[in-house]
Amino acid sequence: MKKAINLRISGLVQGVGFRPSLYRLASSLHLKGRISNTSEGVIAVLEGSSREIEEFLKCLPKVIPPQAKIHAMEIEECSLQNFRDLKIEKSEGGEKLNVDPLPDLAICRDCERELFDPTNRRFLYPFIACTSCGPRFSYILKLPYERESTVMKYFSLCPDCEKEYNSPEDRRFHAEPIACPRCGPTLSFLDHLGRVLSERYKAILDCAQALQKGAIVALKGLTGFHLLVRADNLDSIVRLKEKKGRKRKPFAVMFKDESQLREYVEVNEEDLLLLRSEKAPILIVRSKGKLPEVLAEGLNCLGVFLPYTPLHRLLLDKIDFPVVATSGNIAGEPLIFEDNEALSKLSGIADFFLLHNRPIVRPLDDSVIKKRKYGHIPIRRSRGYVPSPIVLKKTSGKCVLAVGAQERTTFSLLIDNRLIISQHLGDLDTFETQRNFERIIKDYLQLYGVAVELIVSDLHPDYFTTKWAKGYAHKLGIPHIQVQHHYAHVLALLAEKGIIPERPILGIAWDGTGFGLDGTLWGGEFLLIKGRNFERLYSLRPFRLLGGERAIKDTKRVALSILFEIFSEEIKHFDLPFLRKLSDKELNILFHMWKSGLNSPITSSIGRLIDAVSALLGISYENSYSGESAMKLEALYDEKELGSYPFEIKDHTINWTPTILGLLEDRGDLKRRASRFLNTLSEIALAVAQRVGITDIALTGGVMMNAPLVDRMEESLKRDGFQVLIHREIPPNDGGISAGQAYFALLMDEFARTDIYSPSF
Ligand code: ZN
Ligand code: ZN
Ligand code: FE
């Protein structure tokens, strides 16, 4: 008996070879019908005998492509239309999008094999791609996902490519990004004045030679520009640092293969799995110290990655040294992704340009992940991860836009049960990054075809995002709500874990600074989370940031402020290395600032306390980039050191005076003192957790990028029977704030019916 079924599949199903897989299975069973992409996902109407249909449904789970993530699958019987054949149909456009564009994918094993196979027609072709690899999110002009709605529409398929594209047996059947040397994008190598020196494969050879000689090359990659320079040559690195105006911020390094990688850094199988995955992030791992120290001054780690595109692969194949591959941008500006902008803005930095003519539609920085003893910490979620949504258990009634904080900004869209977090958009301190933020929001709203109904921001009145949200809400006449910064940090973690806080959770939000409900700067918080409310249970004893923002960069000021709290004016007579860096006049001015509180806001930030200790110990006196002092202190951590310093908990406040006294009295070396200090922080967390007595503990905030600290906290809390939640997907730093804000909007709805008390924000 003949039967017809209607199959609807939504989720990450477009751009992964889903339709071809369905086609191959259906065709092997002689089914007839139509398979298509719609804005709802993949849809198929298939007809055949009941036995064949049954067989199809049985085999279906086995043919789902590995990159696909299915959110929902509906199968229902429908009436027969008596199709004569089986076809993949052109997509229908739709209004609201229920299908998620796929993130950009690193080169797959099959394409890599073909790339180096002299008999293959794509031998050494830098734009080889297939259904499992190549550009996705960065090259989509609109949705649904079809070749015609990507930048590949500018390259018409040659007969050979067309044949592959149309034959169900081929692994490039309906692979949208495919191309070949005859019909696809090409490379060119240019000098700093923009004059073309060579093209095609010769461009790669010339580029390799230039790098060999120590030149700086701006390379147009998959999702934006990189600046490359050889990583084993001190002069070249210093030259790039100077030209980029980058004082001490570390550079990431790309290695040609695993064996080269193993020479320079410590990696295990799990790390390699991640580095080789289709996400291909930068992974921060322990360095063996064989490369110039200026790459990561004062740190024992290095950000490393493997060539993730055929272009990078071909280039690194021609050189025998690792290369620095850092974001191609001007300090304080967004990542460059267009040829003209690169040629004009990077001409003062790069000696040469390696360009190609496949346009990039939206820029994405490389993602960054940090290794720790028990897993990986997400630091920057961008290429390879974005825009994969976090799928929530509950559905939001409205489309929510959450705009994040000020540093490491991302925004998030909440559409139904999908939390879509944007790529990393940097610090919104300059006109350029602010315009970029607006531009990318507009891009997402257009791509997903949604209209914002609710906007969520931070509480901080001076954040660009807060002011922008206010203006945008006013313009559209939609409500704007504000969520406290550290509460948002905790909620980001709960969103990631799919937890609706029906039971109380203790959020440990240790951070830089965020605007508190009392108008002071918070950052060492123990928050009780329940329903859509939170309560500040414990926090760090506050101190002053002498000179406000200036103290965040000049960390001597924080150290001094802490010492004033303990010793008042007396400390002027102490013999501490960092005091020698300040003149008597400066000391007097800062003392008066502390005493009067002039331009010296109060904070309870643990991030700033760590900065103070880093300066007190003479490890780092300045944050030339965010987190520098803390990272240098972290680099001294010794796992074998079990000691710690005393602390005091009184009236819901953690007093650090005994800790600082212990630190000053300790005559041990820097390693011991740095380790004991971090151990103390871990013990503070445990002591408070024991007092509070709530089983579920959420560890969040920028301080949770400190690998040994998170390891220690996890160990000691678990040993004591606590359930510990730790970030794995969404960064614990401010890159996760927008996700937490959006999640608040969902909780607000969720608890609206049961909850009478509503907080004042
Ligand atoms: Zn491939
Ligand atoms: Zn072709
Ligand atoms: Fe924060």
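What counts, and at which threshold
Residues numbered from 1 in each chain as written. Chains lettered and ligands numbered in written order. Predicted model: local features only at pLDDT ≥ 70, side-chain atom pairs only at ≥ 80, totals over all residues. Heavy atoms only, no water. Donors = N, O, S within 2.8 Å, 3.2 Å for Na, K, Ca; no water. Tetrahedral: all angles 85-135°; square planar, octahedral: opposite > 155°, others 65-115°. Salt bridge = Lys/Arg side-chain N within 4 Å of Asp/Glu carboxyl O. Helix = DSSP H or I, 4+ residues; strand = E, 2+ residues; numbered from the N terminus. Buried < 20%, exposed > 50% of the residue type's maximum accessible area, 1.4 Å probe, protein only. Expected span 1.5 Å × (residues − 1). Pairing = 2+ DSSP bridges. Phe/Tyr/Trp six-rings, centres within 6.5 Å; stacked < 30°, edge-to-face > 60°. Lys NZ or Arg CZ within 6 Å of the ring centre and 35° of its normal. Axes fitted to C-alpha atoms, helices over the stretch in contact; angles between N-to-C directions. Contact = heavy atoms within 4.5 Å. Left-handed = near helix turned anticlockwise from the far one by under 90°. Nonpolar A, V, L, I, M, F, W, Y, C, P; charged D, E, K, R; others polar. pLDDT = per-residue confidence, 0-100. Patch = residues over 30% accessible without salt bridge, like charges linked within 9 Å, V, L, I, M, F, W, Y side chains within 5 Å. Areas by Shrake-Rupley, 256 points an atom, 1.4 Å probe, with all protein chains shown as cover.

A look at the coordination of the zinc ion (ligand 1)
Distances from the zinc ion (ligand 1) to its protein donors, C108 (SG), C111 (SG), C130 (SG) and C133 (SG), fall at 2.3 Å. Taken together, the 4 donor atoms coordinating the zinc ion (ligand 1) span angles of 103 to 116 degrees at the metal, a pattern that classifies the geometry as tetrahedral. Of note, the zinc ion (ligand 1) draws all its donor residues from one chain, in the sequence arrangement C-x2-C-x18-C-x2-C.

Comments concerning the pattern of salt bridges
In total, this model carries 54 salt bridges according to the counting rule given. Between R435 and E438 there is a salt bridge; the shortest N-O distance is 2.7 Å. A residue pair is termed a helical-turn pair when its members lie 3 or 4 positions apart in one helix, as R435 and E438 do in helix α11 (residues 431-448) at 3 residues. Given the relative accessible area of 32%, R435 is considered partly exposed. Its salt-bridge partner being E569, residue K572 comes within 3.1 Å of it at the nearest N-O pair.

A few points about the coordination of the zinc ion (ligand 2)
For the zinc ion (ligand 2), the protein coordination sphere consists of C158 (SG), C161 (SG), C180 (SG) and C183 (SG), at 2.2 to 2.3 Å. Around the zinc ion (ligand 2) sit 4 donor atoms; with metal-centred angles ranging over 103 to 117 degrees, the donor geometry is tetrahedral. Donor residues binding the zinc ion (ligand 2) come from one chain and are separated in sequence as C-x2-C-x18-C-x2-C. Across this residue pair, the class does not change: C180 and C183 are buried.

Looking at helix α5 (residues 200-212)
Over its 13 residues, α5 runs 19 Å from end to end, which matches the ideal 18 Å to within 8%, given 1.5 Å per residue. Here α5 has its buried residues at A203, I204, D206, C207, A208, A210 and L211. A positive backbone phi angle near 95 degrees is found at G214, which sits one or two residues after α5.

Quick look at the pairing of strand β2 (residues 32-38)
Burial analysis of β2 places 6 of its 7 residues in the buried class, which makes it a mostly covered element. Bridge count for β2 against strand β3 (residues 41-49) is 7 bridges, and the pairing is antiparallel. Bridge pairing in β3 links K32 to E47. Here β2 hands over to β3 after 2 residues, the two strands then running antiparallel side by side. Direction of pairing for β2 relative to strand β5 (residues 86-88): parallel, over a ladder of 3 bridges.

Here's the deal with the packing of aromatic side chains
Summed over the entire model, instances satisfying the criterion amount to 22 aromatic pairs. Here Y139 and Y145 contribute two aromatic rings whose centre-to-centre distance is 6.3 Å and whose plane-to-plane angle is 55 degrees, an arrangement assigned as tilted. The exposure classification of Y139 matches that of Y145, with both residues buried. Between F591 and W594, the aromatic rings sit 5.7 Å apart at their centres with planes inclined by 35 degrees, giving tilted as the arrangement. Of the two residues, F591 and W594 both sit in helix α16 (residues 584-596), 3 residues apart, roughly one turn of that helix. Residue F591 is classed as buried on the basis of its relative accessible area of 3%. Counting every residue linked through ring pairs, the aromatic cluster contains F137, F411, F437, Y444, Y448, F464, W468 and Y472. Above the ring of F251, the side-chain terminus of K241 is found at 5.8 Å from the ring centroid. Its end group placed over the ring of W522, R536 keeps NZ or CZ at 3.9 Å from the ring centre.

Overview of the sheet that holds β5
One open sheet holds the 5 strands; their spatial order is β4-β1-β3-β2-β5, and the pairing between them is mixed. Edge positions in the sheet fall to β4 (69-78) and β5, since each of these pairs with one other strand and no more. Taken pair by pair, the neighbouring strands of this sheet meet at an average axis angle of 15 degrees, ignoring direction. Note that strand β1 (residues 2-12) and β4 share 9 bridges and pair antiparallel. Paired with R8 across the strands is E74, a residue of β4. Helix α1 (residues 18-28) rests against β1, β2, β3, β4 and β5 of the sheet, and its axis sits at about 175 degrees to β5. In this fold helix α2 (residues 50-63) packs onto β1, β3 and β4, with an angle of close to 145 degrees to the strand it touches most, β3.

Describing the packing of helix α20 (residues 670-692) against helix α21 (residues 707-719)
It is at 9 Å that the axes of α20 and α21 come closest, and there the two elements cross at 35 degrees. Where α20 crosses over α21, the two elements pack in a sense that is right-handed. Contact residues: L678, N679, L681, S682, A685, L686 and A689 in α20; L709, R712, M713, S716 and L717 in α21. Along the lines of polarity and charge, the residues of the contact of α20 with α21 split into 8 nonpolar, 3 polar and 1 charged.

Focus: the confidence of the model for the protein
Predicted confidence across the protein gives a mean pLDDT of 94, with 98% of residues reaching 70 or more. Considering only residues more than four positions removed or in separate chains, one finds that residues 755-761, a stretch of pLDDT under 50, has 14 contacts.

Here we look at unusual backbone geometry
Backbone torsion omega between L143 and P144 reads 0 degrees, so that peptide bond is classified as cis. Mapped onto the secondary structure, P144 falls in the loop between α3 (109-115) and α4 (159-166). Here V386 and P387 are connected by a cis peptide whose omega angle stands at 10 degrees. Examined against the element boundaries, P387 turns out to sit in the loop between β16 (375-380) and β17 (390-391).

A look at a nonpolar patch on the surface
Taken together, L57, I70, M73 and I75 make up a surface patch of nonpolar side chains, about 280 Å² in accessible area. Counting residues per element, the nonpolar patch draws most heavily on β4, which supplies 3 residues. Counting through the fold element by element, I75 comes out in strand β4. On the accessibility criterion, I75 (43% relative accessible area) is partly exposed.

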